[in-house]
Amino acid sequence: MRIVMIGSGYVGLVSGACFADFGHHVTCVDKSEAKINALEAGEVPIYEPGLEAIIQQNRSAGRLDFSKNLAPSVGEADVVFIAVGTPSRRGDGHADLSYVYAAAREIAAAVRGFTVVVTKSTVPVGTGDEIERIFRDEFPEKDISVVSNPEFLREGAAITDFKRPDRIVIGTEDTRAVEVMREVYRPLYLNEAPLYFCERRTSELIKYAANAFLAMKITFINEIADLSEKIGADVQKVAKGIGMDKRIGDKFLHAGPGYGGSCFPKDTLALVKTAQDFDSPVRLIETTVAINDNRKRAMGRKVIAACDGDVRGKKIAVLGLTFKPNTDDMRDAPSLTIIQALLDGGATVHAYDPEGMDAAKDMLGPVIYGNDPYEIAAGADAIVIVTEWDEFRALDLKRLKTIMKKPVIVDLRNIYPVNEVTKYGFGYFAVGRKPEKV
Ligand code: UDX
């Protein structure tokens, strides 16, 4: 198959590289000349474990190339994926589809024979219909079938998620497109990953409903965490206890500082807006969005409370800035709100993150960055673990105790067993577990 991927951002690059790895010929297109030049020079603009190696292998095998110009490759393609950004529109929270429609028009102009055009970007229900209308009205001579095929990749685990998916959702009722999509995913299909075919609108809604459900699940356990703390229960054990019920499942029940990232905040908001437009409000999701926003601020207050209610003039060491580990992504990261609250409270904030500091520098105020946890912990009044990078799981607590001004750890990811920390004499404040004061 000849595949063209429009948009070489996170989703486009990962999907493009993995399709090439399946044996297809893939061209990844992007309007950004700088991005294409970098990719052609062998540089991968995002941090994703395993991606660079797959890109390199498939480029040398001649199955993957990059281009600024979509027309030549689209003319030859069997399938064209649209994987451009759909940011939240300023002001109203709706997904901004201008890049999607612009790409669709350019694709239609370049298409020659029968071509399947697939939306990979997360797009509101009805976008496929609108693209089809554009094709029908403006390019009536072209033979194009519009399909929805949402992605469910998690940053940091995207390659595995792509190659071992729980399911592949494909929204089309056109038998010609069904055949093409079966061929595209043949290696996975042979691996027995279920291909789930449904109507296009259903497929578009599946993506939003899946992300909203997961965001709601996290928010649920976060509220149970707050309650656990108040009534002296341990949220991790509550999560384990309910998760053993197969109807609930044990995934996405880690209490923490609130969800962030490029998908959950944006997609929950977009679903809320769509539902309001259709006069069918999704109140659970509206509430989820509000609770999660409040939570990030509440985590700032939690740190301040752990510092005896006042951080003025104190040094706080923040470990982890990205919205989760194994990514350099800072979008909607809880650290942004937490650090702002600490700065507003008059603290001096020192921070360290293995991958996120470059991006953080553009988004955060006056923060001092260090090269490792111990450098920023020296003389600190408290350490705050905001992201659960592996390298924070085995900190030398004995050493930290000697270099910190006050032995206080606020662990917003619950990565330490309470007794391990308290035996060194630390005050330990986790999420949904009894606070241990020094
Ligand atoms: C998510 C979806 O998982 C993926 O299917 C979709 O395609 C894109 O959005 P991603 O944003 O990369 O992926 O990260 P994910 O691992 O889902 O985590 C999202 C946020 O939820 C992070 O801030 C994470 O820290 C938080 N989270 C996740 C929790 O707080 N608790 C959990 O139990 C799980």
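Residues numbered from 1 in each chain as written. Predicted model: local features only at pLDDT ≥ 70, side-chain atom pairs only at ≥ 80, totals over all residues. Heavy atoms only, no water.

J.: Looking at this model, I keep getting lost on the overall build of the chain. Mind explaining?
T.: Within the chain, the regular secondary structure consists of 18 helices and 14 strands. In terms of C-alpha radius of gyration, the chain reaches 24 Å, essentially the compact-globule figure of 22 Å for 438 residues. Viewed in the frame of its principal axes, the chain has a C-alpha envelope of about 75 × 50 × 40 Å. Counting all 438 residues of the chain, 54% fall into the buried class. (Helix = DSSP H or I, 4+ residues; strand = E, 2+ residues; numbered from the N terminus. Rg over C-alpha atoms; globule rule 2.2 N^0.38 Å. Buried < 20%, exposed > 50% of the residue type's maximum accessible area, 1.4 Å probe, protein only.)

J.: In this structure, what is going on with the site of the ligand? I would like to understand it.
T.: Contacts to the ligand come from 18 residues, most closely from Glu-155, His-254, Cys-263, Lys-324 and Arg-413. At 3.1 Å, a side-chain N or O of Lys-207 approaches an oxygen atom of the ligand. In the environment of the ligand, an oxygen atom lies 3.0 Å from a nitrogen or oxygen atom belonging to the backbone of Gly-260. Here the ligand loses 93% of its free accessible area of 660 Å² to cover by the protein chains. At 3 residues, helix 10 (residues 200-231) tops the list of elements feeding residues into the shell around the ligand. Taken together, the residues of the shell around the ligand break down into 9 nonpolar, 3 polar and 6 charged. (Near = heavy atom within 4 Å. Polar contact = N/O pair within 3.5 Å; in protein donor to acceptor, adjacent residues only side chain to side chain. Areas by Shrake-Rupley, 256 points an atom, 1.4 Å probe, with all protein chains shown as cover. Nonpolar A, V, L, I, M, F, W, Y, C, P; charged D, E, K, R; others polar.)

J.: Looking at this structure, how should I read the sheet that holds strand 13 (residues 408-411)?
T.: As a general point, the strands of a sheet are linked pairwise by backbone hydrogen bonds and lie either parallel or antiparallel. Taken together, 6 strands build an open sheet; the order of strands is 11-10-9-12-13-14 and the sheet is parallel. Since the sheet does not close on itself, it has two edges, and those belong to strand 11 (368-369) and strand 14 (427-429), each with one partner. For strand 10 (residues 348-352) and strand 11, the ladder comprises 2 bridges, and the chain directions are parallel. The partner of Ala-351 across the bridge, within strand 11, is Tyr-369. Against the sheet, helix 13 (residues 283-306) engages strand 9 (315-319), strand 12 (382-385), strand 13 and strand 14, with an angle of about 160 degrees to strand 13. (Pairing = 2+ DSSP bridges. Contact = heavy atoms within 4.5 Å. Axes fitted to C-alpha atoms, helices over the stretch in contact; angles between N-to-C directions.)

J.: Would you mind going over the packing of helix 5 (residues 98-110) against helix 6 (residues 127-138) with me for this structure?
T.: When two helices pack together, you describe them by how their axes are tilted relative to each other and by the distance separating the axes. Helix 6 packs onto helix 5 with a crossing angle of 40 degrees between their chain directions and a minimal axis gap of 10 Å. Two packed elements cross with a definite hand, and for helix 5 against helix 6 that hand is right-handed. For the pair formed by helix 5 and helix 6, the contact residues are Val-100, Tyr-101, Ala-104, Arg-105 and Ala-108 on the first element and Thr-127, Glu-130, Ile-131, Ile-134, Phe-135 and Glu-138 on the second. When the residues that make up the contact of helix 5 with helix 6 are grouped by side-chain class, the tally is 7 nonpolar, 1 polar and 3 charged. (Left-handed = near helix turned anticlockwise from the far one by under 90°.)

J.: Looking at this model, I keep getting lost on the pattern of salt bridges. Mind explaining?
T.: Evaluation of the coordinates by the stated rule reveals 25 salt bridges. A salt bridge links Glu-151 to Lys-207, with the shortest nitrogen-to-oxygen separation between them at 3.4 Å. With Glu-151 in the loop between strand 6 (144-148) and helix 7 (158-163) and Lys-207 in helix 10, this residue pair connects regions lying 56 residues apart in the sequence. For the pair shown, Glu-151 and Lys-207 are each scored as buried. (Salt bridge = Lys/Arg side-chain N within 4 Å of Asp/Glu carboxyl O.)

J.: What is the right way to look at unusual backbone geometry in this model?
T.: Most peptide bonds take the trans form, and the phi angle of most residues other than glycine is negative. The phi angle at Asp-279 is positive, at roughly 55 degrees, despite the residue not being glycine. Positionally, Asp-279 belongs in the loop between helix 12 (264-277) and helix 13.

J.: Sorry if this is basic, but what is going on with helix 3 (residues 51-60) here?
T.: Three- or four-residue spacings in an α-helix give side chains the same orientation, since the helix completes a turn every 3.6 residues. Within the span of helix 3, buried status applies to Leu-51, Ile-54, Ile-55 and Asn-58. Viewed along the axis of helix 3, the buried residues span an arc of 100 degrees, placing them on a single side of the element. Residues of helix 3 that are buried in the fold lie against helix 1 (10-21), strand 3 (64-67) and helix 7. Gly-62 lies just past helix 3 and shows a positive phi near 80 degrees. (Arc of directions from axis to C-beta.)

J.: Looking at this structure, how should I read the domain arrangement of the chain?
T.: By a widespread convention, an interface's size corresponds to the accessible area lost as its parts come together. What the domain assignment reports for the chain is domain 1 (2-198) and domain 2 (208-289). The centre of domain 1, based on its C-alpha atoms, is set 29 Å off from the matching centre of domain 2. With 13 residues of domain 1 in contact, the opposing surface of domain 2 contributes 10 residues. Together, the buried faces of domain 1 and domain 2 total about 960 Å²; carbon and sulfur atoms form 56% of this surface. Contact with domain 2 buries surface across domain 1, with Gly-93, His-94 and Thr-122 losing the most and accounting together for 38% of the total. If you look at where domain 1 meets domain 2, you find 3 residue pairs in polar contact (both at pLDDT 80 or more). In the side of domain 1 that touches domain 2, the residues fall into 5 nonpolar, 5 polar and 3 charged. (Domains from an automatic or database assignment. Buried area = accessible area lost by both parts, 1.4 Å probe.)

J.: Explanation requested: the side chain of Asp-381 in the structure shown.
T.: In this fold, Asp-381 is placed in the loop between helix 16 (373-377) and strand 12. No salt bridge is formed by the buried Asp-381; the nearest opposite charge belongs to Lys-405, separated by 4.0 Å. Leaving out residues up to four positions away in the same chain, Asp-381 has contacts with Lys-314, Lys-315, Met-404, Lys-405, Lys-406 and Val-408. (Lys, Arg positive; Asp, Glu negative; His and termini not counted.)

J.: Help me understand the packing of aromatic side chains in this model?
T.: We describe a pair of aromatic rings using the distance from one ring centre to the other and the angle between the two ring planes. Across all of its chains, the model carries 8 aromatic pairs by this definition. Ring plane angle 65 degrees and centroid distance 6.2 Å describe the contact between Phe-252 and Phe-264, whose orientation is recorded as edge-to-face. Residue Phe-252 is found in the loop between helix 11 (235-243) and helix 12, and its partner Phe-264 is found in helix 12; the two are separated by 12 residues along the sequence. With centroids separated by 6.0 Å and ring planes inclined at 70 degrees, the aromatic side chains of Tyr-352 and Phe-392 adopt a geometry described as edge-to-face. With Tyr-352 in strand 10 and Phe-392 in the loop between strand 12 and helix 17 (397-403), this residue pair connects regions lying 40 residues apart in the sequence. Judged by relative accessible area, Phe-392 falls into the buried class, the value being 0%. Ring-pair connections join several aromatic residues into one group, and the members of that group are Phe-19, Phe-22, Phe-81, Phe-162 and Tyr-185. Its end group placed over the ring of Phe-152, Arg-167 keeps NZ or CZ at 3.7 Å from the ring centre. The positively charged end of Lys-361 is found above the aromatic ring belonging to Tyr-369, 5.4 Å away from the centroid. (Phe/Tyr/Trp six-rings, centres within 6.5 Å; stacked < 30°, edge-to-face > 60°. Lys NZ or Arg CZ within 6 Å of the ring centre and 35° of its normal.)

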